[in-house]
Each structure stands twice: as C-alpha cells, then as structure tokens.
Amino acid sequence: MKLLIILSLMAVLSGCSIMDKFSSGKSTKKVVIEDKGQNEIPAIIGEQSSFEWQESQEKSVASMPKQEKERILSALEASDVSFTLYFDFNADEISKDATQEIIKHVQFMQDNPQIRLHLEGHADARGTREYNLALAENRALRVKEVMSLYHIADRIKVISYGEEKPISKIDNEIGWQKNRRVEFVYK
Amino acid sequence: MKSKLWLALFLILSVGMAHGVLEVTVVKKDENTFPIAISKFKLIGKGAQDKDISKIIHANLTRSGRFNAIIPSTVVDKFNTEFWKKKNREAVVIGSIEQESSKIYRLSFTLFDVYNNAKLLSRSTRIHTRDFRKVAHQISDNIYEALLGENGSFNTLLTYITVKEDSKGKKIYRLNIADADAMNAKSRIKHSSPMLSPVWSPDRNYKDKKIAYVSFENGRSEVFIWHPFANKKVQRLPHFDGIASSPSWHPNGKSLLMTMSFKGNKDIYAYNLESNRFTRWTKHQGIDTEASYSPDGKRIVFTSDRSGQPQIYIRDLATNQVNRVTFSGRYNAKATFSPDGKQLALVHRVDSDYRIALLNLKTSELTVISNGQLDESPHFSPNGDMIIFSSNRKTKGVLSVISVEGNRSYELSSYNAEVREPNWSTHLK
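The model shown is predicted, which means the values in this text are computed figures rather than measured ones.

Draft legend 1. Examining the overall build of chain A more closely. Secondary structure assignment for chain A yields five helices and six strands. When the helices and strands of chain A are placed in sequence order, the string is β-α-β-α-β-α-β-α-β-α-β. A buried classification covers 47% of the 187 residues belonging to chain A. Considering only residue pairs separated by 6 or more positions, chain A has 76% of its internal contacts joining residues 24 or more positions apart. Counting only carbon and sulfur atoms, one obtains 51% of the accessible surface of chain A, whose full area is about 9500 Å².

Take a look at the structure:
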C-alpha cells in the first residue's frame, strides 16, 4: 500500500478550509490519498511521487477600480476579439483560428495585470451529463494550457458546467454547435 | 378571519406540494396479465379508515404491467371460489382494518388462489396511522412475490431532479424524493444553479437513508450528502481544485465513489466517510468518470475515453485488472450493474441517438431497449426487472421505466417541469 499523500490541512493550507462544513473545525484532520491506480497507463501527473491538494488560490491581485475595469472590458468587447470559442462534437482540440483569439486574450491580460479570468467550459446535451462535465472541463483546460505558456496561469480559473448551461435550446446541430464552447469571463 | 387563514395555509401547502409531483402513465403491459381482484378493506368498529390501501395496491400491481387488477365495487369479506371463477379472477385479496387506539390499527389481509381454492398468504399486523402507505407497498411486494415468484420493487423510493423556469425565465432546480409509485413527493432542496446525479444510499432503514448528489451552488460542481429523513442536514464532501462529481455508494454505505480532477486529470476516487480517506482507483490521462460498484462491492464499472471515445471498463479491485467491456458502437457511457451483477444498463449511441442498452457480461451481447433521442441515467429497479431512465419527449424531460424484456413500460412526468436524473432506492425495511 503506497501512500501518495499525507496532507495535513493545518500545515499546508494554514487555515484554508478544504474540509469546511465537513470537519468539526479542528485542524488535526488529515486527508489521506491512497493510490491504487498504479498499474494504469501513467497519467500526466503519474511520475510525481507526491503532490499537494488544495483549493485553487487565485492570485490576489490589487483590485482594479470598478470603473476602470468596466472601461477596459468594454474596449475589449468593442474590438474584434471573440469571448466564446467553439468545439467539435466530443472533442477538445483548439483550431488555429481559436488559437489566434486566445492570443488576443493573452495580450489583454498581459496589458492588464490586475485582471483575472474564468474559463467556463460547456458541452452540448448529447451523451451523458457526467461525461459532458468532464469533457467541458477538458475544453477549458486546453485553452488555459495555451494561455499558460505566457505565465498568466495563476490568474486563470477553470470552471466546467458540462451541459447544464446551454446557450441554445434547439435540438439539432445548429443548436448543439452553439453549446460546445469555452467562454472567457473576466473578473 | 379564521377561515381566510385556513385558506391561505391550504394554498401554501398545495403550492408546496405541487413541486416534484409526478403523474404515472402506463404505456405498455404484458400480453398475459395476471387477473386479480383487490377488495376494499373491511372497516371494523368505530374510527377505522382504510386510507386508500386497496387503491395503492391496485395502482402498484397495474403499473408493473404484469397484472390486470380490479377493485370490486363492494367490500368482499368472504371468499367464494365459484364466484371468482365465473369472474375470471385467478387471485383475490381481502382484508380488514380495525382501530386499536387513537393512532394504532390492526390490519389483516389474505391472498386467495381461486383455482386451487387455497390461501396463499395471510398476514396480520399492527400499524401506526402514518405507515399506511408503507404497509400498502409491503403488501404489494408480498402479493407480487407470492404470485410471480419474484421480488417486487414497491416498498422503495425514487429521487430525481426537476427543472422549471420561473416567470422571469430563471431556472429553478429541485432535488425531489417520492415513493416508488411517485406519490408522497417531497422537494426540500432548491437552487437556481444546476443539480445532478442524485443517488440513494443503500441503507434499509428509512431514517438512515441519504442521497449523494452534485450541486453547483458554490459556482462549480461539488458532491453533497443530504439526510432527508433523520436530521434533514446537508453535508459537503471535501473539495479540491477542479471538478468533484458523479457520486455513487459502496453497497455497505460507508464510502462513495466520485470523480475528481486534479490538475485537470479526471480520475475515480473512493471516499471513506468514516476515515476521511480517499483511495484513487484510476490514473489515466483520459477522462475516467461515472463509476459505480458491483453489488458485491468487488468491482467498479466506469466510463473512460482512453481509447479515444467513451467506452465502459470494469476494474477488479482485488487484482487491479482493468477490462474494457463495450466494443460495439463509438459511444457507451454511464453504466450501472444489475442487482444480480450479471448485466449492465448503459447509454449507447445508435446513429445520432442516445439509447439505453443492456450488456450481458457473460455473452457480451448488447441489447438496445429504449427508442428515444436523448435517453440517459439508467438504473435498475431494486428487483432488477425494470430500468428507470430519463428521456426527452418533445424537449420535455420525463422519466421512463421499461422492463428488461422491453414488454412493459410506464412513464413518470410532471405537468409543469422537466424531470431528469432518476435513481431508485433498494428495498426499505
């Protein structure tokens, strides 16, 4: 039995509430993860002997005055950059055109170091809800992967909604196509 | 003034009750249904009431698609073989109810075999006034087993999600519970953010029953456990970066399988509720999700796209052997074991439609049993002879229940909401 992680919440997270409602509030509780997946084909993180589990900590950036934020965001909206990228059925591949759009967002984030981004992944309604939740997360992660090359990853948070928040209710390819997407939501 | 107050209270109650209430429609029944008569129960003494016992039994047997049930217009208190032979009834149920104290009743019933002129079953029990429905379901299970030689699935519970748009077009999601006949529906958890994947814990005591489910109430998918009967509390499971989703219970009720994504990698973990320990069961860069245990807890079935498309895999927990079990079609997902562990119910893509299929694990034979466009979330009934799943009917979600042989079916629908994500509990005590 290989123990991959023994994470003391108190020591590592210093009060960050992973266990919140679940724990009785005492900091001695440990989250232990025992790895039984070792004879699987290694995952990306497979070589690591240990890793920390913790809440994603969005980098605390000096908050931007609301008016200023609204001004730069409306300027971005008025430009030719698209805030939604679309995907093929059951796929998370990013097209060349999409990459160009992503680079425009990278530029914007580099120009505005105080801005933070949520990448929201979505899927169409076909197939199962839980698989779509996973697939939609992969789409947003693919976009984050590209943006991470520019050292802005700590200002980006990925959220998957699966098929739960469709744009179009139309049950055909025209509707489905609109729902397989990643949305850029600035915070 | 007082009557106005009562009226207001009544309106509040009826509005409250309207949520999550489902209507049952029998779509298809057996060609050779079993002819049975269920008499209204005889009321003995003052204060006796029958609380629709015969109606509940009648509805249960009818819904199963295996009975042609009637309720005679007058109470039958003496069994007469010749009379029922002439009426072409093969079995007759008679019973009585007597009040013992203010809330305690004595209930007795007998099931007669008309052609053998014999008593098949005769029981007598003391019940509390609040347990009439439960007892009616137990009697239905008794009759089903005595006549067909198989367990019924009547004394069980359903959970499901309803989605309704309010007057401003905002979606309201509700987590609902109901008896297996869709009666006694309750809806206590309500959010404007999505909820999905509710699943009953295997506990047999009513009070111990819990529902694990996924909610987006904190802006992303997290797993919660609701105690609908004991303390009505909701607890949130430990949550990390990424998604936490797709809960399912170990048959011993002490741990849950769930999907979590760590640094984007979606794998299957078991979370032990007593020790707070996680066990990671898969490690693959593809998507691994929708895991559930075999009835003996020795294997897990899950969906993985490691081959490039979603397919079903089974992992033996003792040997760590992982085997792919679906080879037909390019999309197979969300599999669950039958109660005997011999079959899987799953979502299978046929051309551009998503249908419910059964996979025989011994022969690898795949049989499509539904005919919708977007059928999903299949689960076996506790006795294993029906499959419940959600289905789109003209963009309105309803729950369908189809027998494993495909010869019997019924639907559960709401007049004002979309119904989805059904799950059927095991038998209650």
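Draft legend 2. Structural view of the overall build of chain B. For chain B, the helix and strand inventory stands at four helices and 31 strands. Rg of the C-alpha trace for chain B: 23 Å, near the compact-globule value of 22 Å for 429 residues, within the 12% margin. Its C-alpha atoms put chain B at 70 × 65 × 45 Å along the principal axes. Put simply, chain B has 429 residues, and 57% of those count as buried. For chain B, restricting intrachain contacts to residue pairs at least 6 apart in sequence, the fraction spanning at least 24 positions comes to 44%. In the form shown here, chain B has an accessible surface area of approximately 18300 Å², with 48% of it arising from carbon and sulfur atoms. The centroid of the 63 positive side-chain charges in chain B is displaced by 6 Å from the centroid of its 42 negative side-chain charges.

Draft legend 3. Expanded view of the packing of helix α3 (residues 96-111) of chain A against helix α4 (residues 129-148) of chain A. Residues and elements named next belong to chain A. The N-to-C vectors of α3 and α4 enclose an angle of 55°; their axes lie 10 Å apart at closest approach. It follows that α3 is oblique to α4 by the angle criterion. The hand of the α3/α4 crossing is right-handed. Touching T99, I102, I103, H105, V106 and M109 of α3 are V143, V146 and M147, all from α4. In terms of residue class, the contact of α3 with α4 is built from seven nonpolar, two polar and no charged.

Draft legend 4. Spatial organisation of the domain arrangement of chain B. Residues and elements named next belong to chain B. Once the domains are mapped, chain B shows domain 1 (32-148) and domain 2 (157-424). For domain 1 and domain 2, the distance between their C-alpha centroids amounts to 35 Å. On the domain 2 side, the residues contacting the nine residues of domain 1 number 10 residues. Between domain 1 and domain 2, roughly 710 Å² of surface is buried when both sides are summed, and carbon and sulfur atoms account for 48% of that area. There are three salt bridges connecting domain 1 and domain 2. Between D385 and R66 there is a salt bridge, and its shortest N-O distance comes to 3.8 Å. Mapped onto the side of domain 1 that touches domain 2, the elements with two or more residues apiece are α2 (53-63) and α4 (132-148). Taken together, the residues of the side of domain 1 that touches domain 2 sort by class into two nonpolar, four polar and three charged.

Draft legend 5. Molecular detail of the sheet that holds strand β25 (residues 353-360) of chain B. Residues and elements named next belong to chain B. Ordered in space as β23-β24-β25-β26, the four strands form an open sheet in which the pairing is antiparallel. The open sheet has two edge strands with one neighbour each: β23 (332-337) and β26 (366-368). Within the sheet, the average angular offset between the axes of one strand and its neighbour, ignoring direction, is 30°. Where strand β24 (residues 343-350) lies against β25, eight bridges are found, and the strand directions are antiparallel. Bridge pairing in β25 places A345 opposite L358.

Draft legend 6. A look at the layout of surface pockets. Residues and elements named next belong to chain B. Volume-wise, the second largest pocket comes out at about 730 Å³. Around the second largest pocket sit 35 residues that line it, and V199, Y293, F337, H379 and N423 are the ones nearest its centre. For the lining of the second largest pocket, the secondary structure elements donating two or more residues are β11 (195-200), β15 (244-249), β19 (288-293), β23, β27 (376-380) and β31 (418-424). Considered class by class, the residues forming the lining of the second largest pocket number 17 nonpolar, 15 polar and three charged.

Draft legend 7. Expanded view of the packing of aromatic side chains. Residues and elements named next belong to chain B. Tallying each qualifying case throughout the model produces 18 aromatic pairs over all chains. Measuring from centroid to centroid gives 6.0 Å for F67 and Y144, while their planes differ by 50°, and the two rings are tilted. Note that F67 is positioned in strand β4 (residues 67-70) and Y144 in helix α4, a separation of 77 residues in sequence. Each member of the pair, F67 together with Y144, is buried. Taken together, a centroid distance of 5.2 Å and an interplanar angle of 80° make the contact between Y105 and F132 edge-to-face. You can see Y105 sitting in strand β6 (residues 104-113) and its partner F132 sitting in helix α4, a full 27 residues away along the chain. Among the residues examined, Y105 registers a relative accessible area of 2% and is labelled buried. Residue class for F132 comes out buried when judged on its relative accessible area of 2%.

Draft legend 8. Summary view of the sheet that holds strand β6 (residues 181-186) of chain A. All names here are of chain A. With mixed pairing, four strands are arranged side by side in an open sheet as β3-β6-β4-β5. With partners counted over all chains shown, the strands left at the sheet margins are β3 (84-86) and β5 (156-162), one partner each. For this sheet the average axis-to-axis angle between neighbouring strands, irrespective of direction, equals 20°. Where β3 and β6 come together, three bridges link them in antiparallel fashion.

Draft legend 9. Broad picture of the UniProt feature "domain: OmpA-like" (unreviewed entry) in chain A. When the UniProt feature table is mapped onto this chain numbering, "domain: OmpA-like" (unreviewed entry) sits at residues 74-187 of chain A. Between the end C-alpha atoms of residues 74-187 of chain A the distance is 13 Å, and the span holds 42% helix and 19% strand.

Draft legend 10. Broad picture of the UniProt feature "domain: TolB N-terminal" (unreviewed entry) in chain B. Under the UniProt annotation, "domain: TolB N-terminal" (unreviewed entry) lies at residues 22-119 of chain B. Summarising residues 22-119 of chain B: 17% helix, 40% strand, and an end-to-end C-alpha distance of 36 Å.

Draft legend 11. Representation of empty space enclosed by the protein within the structure. Residues and elements named next belong to chain B. Counting across every chain of the model gives four cavities of 30 Å³ or more. Forming the walls of the largest cavity are R63, S64, Y144, S153, F154, N383, D385, M386, R408, Y410 and W424. Each residue belonging to the lining of the largest cavity can be placed in one class, and the counts come to five nonpolar, three polar and three charged. For the lining of the largest cavity, the domains that each give at least three residues are domain 1 (32-148) and domain 2 (157-424).

Draft legend 12. Seen up close, the packing of α2 of chain B against α4 of chain B. Residues and elements named next belong to chain B. Closest axis-to-axis distance for the α2/α4 pair is 9 Å, and the angle between their directions is 45°. Our classification of the angle between α2 and α4 gives oblique. As for how α2 packs across α4, the hand of that crossing is right-handed. Contacts from I53, I56, I57, N60 and L61 of α2 reach α4 at F132, R133, A136, H137, I139, S140 and I143. For the contact of α2 with α4, a count of residues per class yields eight nonpolar, three polar and one charged.

About the cut-offs
Residues numbered from 1 in each chain as written. Chains lettered and ligands numbered in written order. Predicted model: local features only at pLDDT ≥ 70, side-chain atom pairs only at ≥ 80, totals over all residues. Heavy atoms only, no water. Helix = DSSP H or I, 4+ residues; strand = E, 2+ residues; numbered from the N terminus. Buried < 20%, exposed > 50% of the residue type's maximum accessible area, 1.4 Å probe, protein only. Contact = heavy atoms within 4.5 Å. Areas by Shrake-Rupley, 256 points an atom, 1.4 Å probe, with all protein chains shown as cover. Rg over C-alpha atoms; globule rule 2.2 N^0.38 Å. Lys, Arg positive; Asp, Glu negative; His and termini not counted. Charge placed at Lys NZ, Arg CZ, Asp CG, Glu CD. Axes fitted to C-alpha atoms, helices over the stretch in contact; angles between N-to-C directions. Parallel < 35°, antiparallel > 145°, perpendicular 65-115°, else oblique. Left-handed = near helix turned anticlockwise from the far one by under 90°. Nonpolar A, V, L, I, M, F, W, Y, C, P; charged D, E, K, R; others polar. Domains from an automatic or database assignment. Buried area = accessible area lost by both parts, 1.4 Å probe. Salt bridge = Lys/Arg side-chain N within 4 Å of Asp/Glu carboxyl O. Pairing = 2+ DSSP bridges. 1 Å grid on protein atoms, 1.4 Å probe; cavity = no way out; pocket = protein on both sides within 12 Å on 5 of 7 lines; lining within 4 Å. Points joined across faces, edges and corners; volume = space filled by probe spheres on them. Phe/Tyr/Trp six-rings, centres within 6.5 Å; stacked < 30°, edge-to-face > 60°. UniProt positions renumbered as here; feature names shortened; annotations may be inferred.

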